[in-house]
Amino acid sequence: MMGLDVYAIAAAVLVGLGFHGLITQPHPLKRLLAVNVVGNGVFLALIVLARRLPDGPDPIPHAMVLTGIVIAVSATAFGLALVRRQARDAEERDD
Amino acid sequence: MNLFDALTALLLVLLAWRCLIVPDLFRSIVLFVVFGLLLALTWARLDAPDLALAEAAIGAGVLGVLLLGTWRALGSPRRGETPSSSLPAGLRVLSAAGSAVLAGALAYGLHLLPGTGDGAGTLALETLPLPATGQPVTAVLLDFRSYDTLLETAVLLMAVVGTWLARSPLLDALSSEDATAHTPVMPVLMRLFAPVLLVTGAYLVWAGAYTPGGAFQGGAVLAAAGVLLALGRRLGTAPDAGWLLRLLLVLGVLVFIGAGLLLMPAQNAFMAYPERWAGLIMHLVEYTLAVSIALSLLLLFTGRPGLRGISG
């Protein structure tokens, strides 16, 4: 067992920060950023675990995080499209 | 654990905190992109060069363009200062305390987890036809956990369809008020970078079989070339996708499923490849996936089904 891993602590703090941001931030774009921060914290935790395999880094968490990055970007892109649509609808209501 | 790791970890946390806390939306987005780049550096440091490439190209690059573009497309009253939280102070304290407990529990759990040697990773390293690909992460993505990768590309396609349905195309919103296309810098940038990006993207896809790289990293770089051309007005949107574009969009998924189904009689399992052909099949799947991924990411940016070239 290695000592205190700073990256493991950073991963946990990122999840906590993102979670807090998701709850308290009112702007939808900021909330998307917060969800991404949570996701990145989870990725960091997985990669920290991948290093604990004795013979070289474990390729499975690496592949899972690679999948996760692409899914996170797809979901965020869809979320951003919804944010733009919501802003446009709100503008049309104001006119 | 040395000073560099401690500083990187501290910077990651600080950037994320600033990104979520600054009221100015633009600064928040820029901080997020910097956070993504630092994360790419962290992956390289943590023996994950595949992820470093993917994070730099997809997480910081493509996502950064999407975020900044959306910021631009939002009307001026919405893009400036974001209001601070409307929650009552008590609830905010409660949320902070809950998040702190969550973070503490996670750190404790991560610290306690033992480093075992008999996980799925050892199994993968032992059983994968590594001579065929030589690259464990690519082999895991395209053979060991091919269901994951197949469904992931399907999710990417769903996101593209969802973006079309939201009917808020980013590129059109940008062109209505944007003057970047008329600066003298843009043609030079395009002439210099578009060919380099195309070659780099193609190289990354090819290299995925032997060294870090692969369909996702290469596809994202190819998509970046498309985004550059679209920003420079050489690539425009069209209301309808032609049959060729649609075919290329789903080509990766079709080839992936096709390879899995066609070999079922011989292998008695979906997506089980015979050892002799595994390398060939993985190459075929990787190249077609890269084309589909590049187009999907580009269409997530333009936001409309069709593409058309603009001669200039």
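This text goes with the structure placed above it.
Residues numbered from 1 in each chain as written. Chains lettered and ligands numbered in written order. Predicted model: local features only at pLDDT ≥ 70, side-chain atom pairs only at ≥ 80, totals over all residues. Heavy atoms only, no water.

A.B. asks: What exactly am I supposed to notice about the overall build of chain A here?
C.D. replies: In terms of helices and strands, chain A carries three helices and zero strands. What you see in chain A, going N to C, is helices and strands ordered as α-α-α. A compact globule built from 95 residues should have a C-alpha radius of gyration of about 12 Å, whereas chain A, at 17 Å, is more than 25% larger. Expressed as lengths along the three principal axes of its C-alpha atoms, the size of chain A is roughly 65 × 25 × 10 Å. The long-range share in chain A, meaning contacts at least 24 apart out of those at least 6 apart in sequence, stands at 55%. Carbon and sulfur atoms form 64% of the exposed surface of chain A, whose accessible area is close to 3,500 Å². Measuring between centres, the 8 positive side-chain charges of chain A sit 2 Å from its 8 negative side-chain charges. (Helix = DSSP H or I, 4+ residues; strand = E, 2+ residues; numbered from the N terminus. Rg over C-alpha atoms; globule rule 2.2 N^0.38 Å. Contact = heavy atoms within 4.5 Å. Areas by Shrake-Rupley, 256 points an atom, 1.4 Å probe, with all protein chains shown as cover. Lys, Arg positive; Asp, Glu negative; His and termini not counted. Charge placed at Lys NZ, Arg CZ, Asp CG, Glu CD.)

A.B. asks: Can you walk me through the interface of chain B and chain A in this structure?
C.D. replies: Many descriptions give the size of an interface as the accessible area lost when the pieces come together. Between chain B and chain A, the residue contacts involve 86 residues of the former and 71 residues of the latter. Between chain B and chain A, a total of about 6,900 Å² is buried, with carbon and sulfur atoms accounting for 76% of that surface. Of all residues in chain B, the largest losses of buried area upon contact with chain A belong to Leu20(B), Leu46(B) and Leu110(B), amounting jointly to 10% of the total for that side. Among the salt bridges present, the one from Asp47(B) reaches Arg51(A), with a minimum N-O distance of 3.6 Å. Applying the counting criterion to the chain B and chain A interface returns eleven residue pairs in polar contact (both at pLDDT 80 or more). Of all the secondary structure elements, the ones that give two or more residues to the side of chain B that touches chain A are helix 1 (3-21), helix 2 (25-45), helix 3 (49-73), helix 5 (89-112), helix 6 (120-127), helix 8 (136-144), helix 9 (146-166) and helix 12 (215-231) of chain B. Tallying contributions element by element places helix 3 of chain B first for the side of chain B that touches chain A, with twelve residues. In terms of residue class, the side of chain B that touches chain A is made up of 53 nonpolar, 22 polar and eleven charged. (Buried area = accessible area lost by both parts, 1.4 Å probe. Salt bridge = Lys/Arg side-chain N within 4 Å of Asp/Glu carboxyl O. Polar contact = N/O pair within 3.5 Å; in protein donor to acceptor, adjacent residues only side chain to side chain. Nonpolar A, V, L, I, M, F, W, Y, C, P; charged D, E, K, R; others polar.)

A.B. asks: Sorry if this is basic, but what is going on with helix 3 (residues 59-94) of chain A here?
C.D. replies: Since the α-helix advances by 3.6 residues per turn, residues separated by three or four positions end up pointing in the same direction. The end-to-end C-alpha distance of helix 3 of chain A, which contains 36 residues, comes to 52 Å, matching closely the 52 Å that a straight helix rising 1.5 Å per residue would cover. Of the residues that open helix 3 of chain A, the one with a side-chain oxygen 3.0 Å from the backbone nitrogen of Ile60(A) is Asp58(A). (Expected span 1.5 Å × (residues − 1).)

A.B. asks: Help me understand the packing of aromatic side chains, please; the structure alone is not making it clear to me.
C.D. replies: Two aromatic rings are characterised by how far apart their centres lie and by the angle between their planes. Residue and element names in this part refer to chain B. The full count for this structure, using the stated rule, is four aromatic pairs over all chains. Judged by centre distance (4.8 Å) and plane angle (45°), the ring pair of Phe-26 and Trp-71 falls under tilted. Within this pair, whereas Phe-26 is found in helix 2, its partner Trp-71 is found in helix 3, the two being separated by 45 residues in sequence. For Phe-26, a relative accessible area of 34% translates into the label partly exposed. Given the relative accessible area of 18%, Trp-71 is considered buried. In this structure, Arg-18 packs its charged tip against the face of Trp-17, placed 5.8 Å from the ring centre. (Phe/Tyr/Trp six-rings, centres within 6.5 Å; stacked < 30°, edge-to-face > 60°. Buried < 20%, exposed > 50% of the residue type's maximum accessible area, 1.4 Å probe, protein only. Lys NZ or Arg CZ within 6 Å of the ring centre and 35° of its normal.)

Geometric values such as these leave the question of function open.
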